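# An overview of the molecular structure
So you can see what is in the structure, the chains are spelled out below.
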Amino acid sequence: MRKQIVAGNWKMNNDLAMTESLITELKKRIKTSEAEMMIAPAFTNLWHAFEALRQSDIEVVAQNMHFAESGAYTGEVSADMLKSIGIQTVILGHSERRAYFHETDELLAKKVNTALKNKMRVIFCFGEELADRKSNNHEAVVKNQVTNALFHLDADAFKNIVLAYEPVWAIGTGETASPEQAQDMHAFIRKTLVSKYGQQVANSVSILYGGSVKPNNAQEIFSKPDVDGGLIGGAALNAEDFMAIVNAF
Ligand code: PGA
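Residues numbered from 1 in each chain as written. Predicted model: local features only at pLDDT ≥ 70, side-chain atom pairs only at ≥ 80, totals over all residues. Heavy atoms only, no water.

### Structural notes on the site of the ligand
The environment of the ligand is formed by 13 residues, the closest being Lys11, His94, Glu166, Gly172 and Ser212. Between the ligand and Glu166, the relevant distance is 2.6 Å, taken from an oxygen atom to a side-chain nitrogen or oxygen of the residue. Within the backbone of Ser212, an N or O atom sits 2.7 Å from an oxygen atom of the ligand. Among the residues making up the shell around the ligand, the classes are represented as four nonpolar, seven polar and two charged. (Near = heavy atom within 4 Å. Polar contact = N/O pair within 3.5 Å; in protein donor to acceptor, adjacent residues only side chain to side chain. Nonpolar A, V, L, I, M, F, W, Y, C, P; charged D, E, K, R; others polar.)

Structure below.
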């Protein structure tokens, strides 16, 4: 059985006080859920969030990290630093990292390797831009992103990989992929995994959908057979909305 996951990507939002109060609100609303819950606050608030959620069902994860183990990389954060404060999972390849910080498939492959070497779990994001979809290139683009960054790995590594399909045109725009568009792409990704790693591995990898998931559309999207959860941006900044999405399973 694949894991169902709902992860909240807080992006560059919430200072320490806001982090504290959002976590308090989340804790009030936690119910036992089939789905694993995660939140990804900013680096400065990870330690506090980790401590505040230590005894809870919500895992605290990082939004990014560097590929090097340590050294002269001003402003960056390493896997070891994250692990030293209890962080076990990192989001890599978010489209905002790709677009604004020029993260390429090649760089992301290095980050993935470093995370796995450090026994961390990776939520690997990818997705096409609007022009790719309009020109009917969306499957080819996504296939390239996934194969370039991940297909050097052995099958065993996929125990620690979660995939997150996030069409760029749906992120923060209020425009969601339709449940059918999400299902079609997730099935395509799974088929791509089958061709390289076989059915068993492909069936075991959770594929999340991200891009304007809200309480009013989560249930329909999550009901699709190849959609195993969501990576939530805007709606994760509100405790009630985030928990409503978790409870959509
Ligand atoms: P959104 O962001 O839910 O605000 O569209 C999703 C994401 O960037 O992960």
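Still more to cover.
### Focus: the pattern of salt bridges
All chains considered together, the criterion is met by 17 salt bridges. Here Arg121 ties to Glu36 by a salt bridge, and the two come within 2.9 Å at their closest N and O atoms. In this pair, Arg121 is assigned in strand E5 (residues 121-126) and Glu36 in strand E2 (residues 36-40), connecting sequence segments 85 residues apart. By relative accessible area, which is 12% here, Arg121 ends up buried. Between Glu103 and Lys111 there is a salt bridge whose closest N-O contact spans 2.8 Å. With a relative accessible area of 6%, Glu103 lands in the buried category. A network of salt bridges, in which partner residues are shared, links Arg2, Arg190, Asp226 and Asp228. (Salt bridge = Lys/Arg side-chain N within 4 Å of Asp/Glu carboxyl O. Helix = DSSP H or I, 4+ residues; strand = E, 2+ residues; numbered from the N terminus. Buried < 20%, exposed > 50% of the residue type's maximum accessible area, 1.4 Å probe, protein only.)

### A closer look at the sheet that holds strand E7 (residues 207-210)
Taken in spatial order, the eight strands of this open sheet run E3-E2-E1-E8-E7-E6-E5-E4, and their pairing is parallel. Edge strands, defined here as strands with exactly one partner in the open sheet, are strand E3 (58-60) and strand E4 (89-92). Direction aside, neighbouring strands of the sheet carry axes that sit 25° apart on average. Relative to strand E8 (residues 229-232), E7 runs parallel, the two sharing two bridges. Paired with Tyr209 across the strands is Gly230, a residue of E8. Across the sheet, helix H11 (residues 239-246) lies against strand E1 (5-9), E2, E3 and E8, angled at about 160° from E1, the strand it touches most. (Pairing = 2+ DSSP bridges. Axes fitted to C-alpha atoms, helices over the stretch in contact; angles between N-to-C directions. Contact = heavy atoms within 4.5 Å.)

### Some remarks on the nonpolar core
In terms of nonpolar packing, the biggest core is built from 69 residues, with Leu150, Phe158 and Leu163 touching the most fellow members. When near neighbours in sequence (up to four residues on either side) are disregarded, Leu163 contacts Phe124, Phe126, Leu150, Ile189, Leu193, Val205, Ser206, Ile207 and Leu208. By size, the runner-up hydrophobic cluster in this structure holds 12 residues, among which are Ile5, Ala7, Cys125 and Leu231. (Core = buried A, V, L, I, M, F, W, Y, C linked by side-chain atoms within 4.5 Å.)

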